[in-house]
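# Breakdown of the fold
What follows is the residue order along each chain.
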Amino acid sequence: MLTGRDGSSVVIDHLCDQVIEQDMAVACFYYDFASREAQSPTNMLGSLLKQLLSGLGAIPVKIVQKFRGQKKAIGGRRLQLPDIVEMCAAVTSLQRTFICVDALDECVPRHRLEVLGALGQILRGSPNTRIFMTGRSHIRGVVERELGERTTSVSISSREDEIVTYLHARLGKDTNPAAMDGFLENDIMKSIPEEIPETYVPARDPRNRCDSYTDWCK
Amino acid sequence: MSPAFPKLTRTSSTGPKVFRHPTLYTILNSKNQTMSRAFTDNINSFNVSNNIIFTATDDEPKILAWLSPLEPQVRHHDICEQRVDSIGNWLLETKEFKGWYNGSGNGGSNHAALFCYGEPGVGKSYIWYKRLLARNERHDC
C-alpha cells in the first residue's frame, strides 16, 4: 500500500542514491499537521536552503552579513522570506537540484500559497530544478494554479498486492501480539483490502502515533 | 537534457554525502578567502545572478541553524524506518516520474514539478480503527 508519505520517502531515497553517482543536490521537507504552526514558510524555505548550503560547503556573503547584522536589531531577527527565496534560486542554479515536499495539504492554507509562490519563483530562476510534491487531492487545483504548466499531476492509489504486504508487515510488528487472534487477523486481512477508505483521515489522528493497536483498545 | 554543470567532487569517500563545487573550492582555497567574482560563465547561462558571492566561514554551523530550526531529514529517517520494503517502488517506473526526472523542452524545464495526489491509505491507525470496531461488536453481543 502506498501512502503519500511512503511515496515521498521512496522518491527521496531514490534521489539520494543518485547523488552518489551524479552531480546533483536533494532537499526535502515533510509537513506535519501537528507541527503546522512551527512550519512557517520562512522556516520551511529556510530549511531547504540550509540543506542545499550544507552540501555546498560555502555560504553566500549576503547571508553571512545578514547573520552578523541581525543581532543589532531587536535582539536578533531571522532572514526574511524574499532573501531566502533569492538565495534558494541562486544555489539551485549551481547544480541539478531536486526538492521534495511531502503532505502539502497539512500546511496552513495561507502558508501553502506563500510556499507554492516561492517554489514557483525558484523554478523560474533555476530551470533545472525539479520539485516533487505529495498531498490530498483537494489541493491539486491550487498547486496547478500556482505552479502553472510546469506541473504534472498524477494520482497515486493503493494496489491490492501492496495492501496485503503492508498489512502483513504491520501486524507482524504489533507490540502486543497476544491480543491478536486468528479471527481478528483474518477479518483484517479480508475486510481492509475491500474497504479502501475514502473518508477516514489517519494522518490527522493522534492515535496513529501508537505502535500497538491493542493498547488503544484498553 | 541539461546544460553541463561544473563537475562536483565528493570531499570524502566515507561519511556524509558532502560534495564541493570546484569553482567554489578553488576560490575558497585562494589567498583571499572570500570569492571576489561570480561563478564561471557556464553558470551565467542558467540565469543566475552573476554577482552572488560565497565565502567559507567558521560561523557556518551557527548560520545554518539560524536559517531554520527545522530538521526534516530526521523525519525522513523516521519514515524510512517505518516504511515497508518494496512498497511504492512502482512509482519510480511511471512515465510521469521519468518525465519529471529527466525533464523535456525549454532546457528541461517542462514537467519541472510533479504533484502526486490521493486520499490517505489504510495505515496502522485504520487497523486500530477496525480492531476497535471488532471489540465493540463483541461487547455488544
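Residues numbered from 1 in each chain as written. Chains lettered and ligands numbered in written order. Predicted model: local features only at pLDDT ≥ 70, side-chain atom pairs only at ≥ 80, totals over all residues. Heavy atoms only, no water.

### A closer look at the nonpolar core
Heads up, the rule is: For our purposes a nonpolar core is just a set of buried Ala, Val, Leu, Ile, Met, Phe, Trp, Tyr and Cys residues, chained together by side-chain atoms within 4.5 Å. To sort residues, take the accessible area from a 1.4 Å probe on protein chains only and compare it with the maximum for the residue type: under 20% means buried, over 50% means exposed, and anything in between is partly exposed. Pairs of residues are marked as contacts when any of their non-hydrogen atoms sit within 4.5 Å.
Counting 53 residues, the largest nonpolar core has Tyr31, Leu45, Leu49, Leu53, Ile63, Met133 and Val143 of chain A as its most contacted members. With residues up to four places along the chain from it excluded, the contact list for Ile63 of chain A reads Leu49, Leu53, Leu79 and Met87 of chain A together with Ile63, Trp66 and Leu67 of chain B. In terms of nonpolar packing, the next biggest core, distinct from the first, is built from 21 residues, Ile79, Trp100, Tyr101 and Cys116 of chain B among them.

### Regarding the sheet that holds strand E3 (residues 96–102) of chain A
Going by this rule: In this scheme, strands are said to pair when DSSP sees at least two bridges between them. In this text, helices come from DSSP runs of H or I with a minimum length of four residues, and strands from runs of E with a minimum of two, each type numbered from the N-terminal end. Helix axes are fitted to C-alpha atoms over the stretch in contact, other axes to C-alpha atoms as well, and angles between N-to-C directions run from 0 to 180 degrees.
The parallel open sheet is built from five strands, whose spatial order is E1(A)-E3(A)-E4(A)-E4(B)-E5(A). Two strands in the sheet have a free side with no partner beyond their single neighbour: strand E1 (24–30) and strand E5 (151–155) of chain A. Sheet twist, expressed as the mean angle between neighbouring strand axes with direction ignored, is 15 degrees. Judged from the seven bridges that link them, E1 of chain A and E3 of chain A form a sheet pairing that is parallel. Bridging across to E3 of chain A, Cys28 of chain A finds its partner in Cys100 of chain A. Relative to E1 of chain A, helix H2 (residues 41–56) of chain A is tilted by about 150 degrees, and along the sheet it contacts E1 and E3 of chain A. Together, strand E4 (129–135) and E5 of chain A together with strand E4 (113–117) of chain B form the strand contacts of helix H6 (residues 140–147) of chain A, whose direction differs from that of E5 of chain A by roughly 160 degrees.

### Considering the packing of H2 of chain A against helix H4 (residues 81–92) of chain A
Residue and element names in this part refer to chain A. Threshold: Here a crossing is taken to be left-handed if its near helix is turned anticlockwise relative to the far helix by less than a right angle, and right-handed if that turn runs clockwise. Only Asp, Glu, Lys and Arg are considered charged, only Ala, Val, Leu, Ile, Met, Phe, Trp, Tyr, Cys and Pro nonpolar, and every remaining residue, Gly among them, polar.
In contact at an axis separation of 9 Å, H2 and H4 are set at 30 degrees when each is read in the N-to-C sense. At the point where H2 passes H4, the crossing takes the left-handed sense. Along the contact surface, H2 presents Pro41, Thr42, Leu45, Gly46, Leu49, Leu52, Leu53 and Leu56, while H4 presents Leu81, Ile84, Met87, Cys88, Val91 and Thr92. Here the residues of the contact of H2 with H4 sort into eleven nonpolar, three polar and no charged.

### Structural notes on the pairing of E4 of chain A
Basically, it comes down to this: A right-handed crossover is one whose linking path, passing over the helix from the first strand to the second, runs clockwise when the strands point away from the viewer.
E4 of chain A sits mainly inside the fold: seven of its seven residues count as buried. By the alternation rule, side chains of E4 of chain A split into Thr129, Ile131, Met133 and Gly135 of chain A and Arg130, Phe132 and Thr134 of chain A, which are all buried. With five bridges joining them, E3 of chain A and E4 of chain A adopt parallel strand pairing. Bridge pairing in E4 of chain A links Phe98 of chain A to Arg130 of chain A. With helix H5 (residues 109–125) of chain A bridging E3 of chain A and the parallel E4 of chain A, this β-α-β connection has right-handed handedness. The pairing of E4 of chain A with E4 of chain B spans five bridges and is parallel. Its bridge partner lying in E4 of chain B, Met133 of chain A is registered against Phe115 of chain B.

### Structural notes on the pairing of E5 of chain A
The buried fraction of E5 of chain A amounts to four of the five residues, a majority that puts the element mostly inside the structure. Both E5 of chain A and E4 of chain B contribute to a ladder of five bridges, which runs parallel. The residue of E4 of chain B that forms the bridge with Val154 of chain A is Cys116 of chain B.

### Structural notes on helix H3 (residues 60–67) of chain B
Note the cut-off: Along the arc lie the directions from the helix axis toward the C-beta atoms.
Inspection of H3 of chain B places Glu60, Ile63, Leu64, Trp66 and Leu67 of chain B among the buried residues, and these make up the whole buried set. For H3 of chain B, the arc enclosing every buried residue in end-on projection is 160 degrees, short of the 170-degree limit, so these residues lie on one face. With respect to the buried face of H3 of chain B, the exposed residues turned more than 90 degrees away are Pro61 and Lys62 of chain B. Looking at the buried side of H3 of chain B, the elements it contacts are H2, strand E2 (59–60) and helix H3 (61–70) of chain A.

### Observations concerning helix H5 (residues 95–102) of chain B
All names here are of chain B. Among all positions in H5, only Phe97, Trp100 and Tyr101 are buried. Projected onto a plane normal to the axis of H5, the buried residues spread over an arc of 95 degrees and lie on a single side. Where H5 ends, the next residue or the one after it, Gly103, has phi of about 75 degrees, a positive value.

### Some thoughts on the packing of H5 of chain A against H6 of chain A
Residues and elements named next belong to chain A. Two elements in contact, H5 and H6, have axes whose closest approach is 9 Å; the angle formed by their N-to-C orientations is 35 degrees. Note that H5 runs across H6; the crossing there is right-handed. Of the residues in H6, those in contact with Arg112, Leu113, Leu116, Leu119 and Gly120 of H5 are Val142, Val143, Arg145, Glu146 and Leu147. Partitioning the contact of H5 with H6 into residue classes produces six nonpolar, one polar and three charged.

### Here we look at the packing of aromatic side chains
Which entries qualify depends on this criterion: Stacked, tilted and edge-to-face are the three classes applied to pairs of Phe, Tyr and Trp rings, where Trp contributes its six-membered ring and a pair requires centres within 6.5 Å; stacked means planes under 30 degrees apart, edge-to-face means over 60, and tilted covers the rest. By the criterion adopted, a ring carries a charge over it if an Arg CZ or a Lys NZ lies within 6 Å of its centre and within 35 degrees of its normal.
Evaluation of the coordinates by the stated rule reveals eight aromatic pairs over all chains. Judged by centre distance (5.2 Å) and plane angle (15 degrees), the rings of Phe98 of chain A and Tyr101 of chain B are stacked. With Phe98 of chain A in strand E3 and Tyr101 of chain B in helix H5, the pair connects residues from two separate chains. No difference in accessibility class separates Phe98 of chain A from Tyr101 of chain B, as the two residues are buried. Here Phe115 of chain B and Tyr117 of chain B contribute two aromatic rings whose centre-to-centre distance is 6.0 Å and whose plane-to-plane angle is 20 degrees, an arrangement assigned as stacked. For the pair formed by Phe115 of chain B and Tyr117 of chain B, the shared burial category is buried. The residue whose ring lies beneath Arg96 of chain A is Tyr101 of chain B, and the NZ or CZ to ring-centre distance is 4.7 Å.

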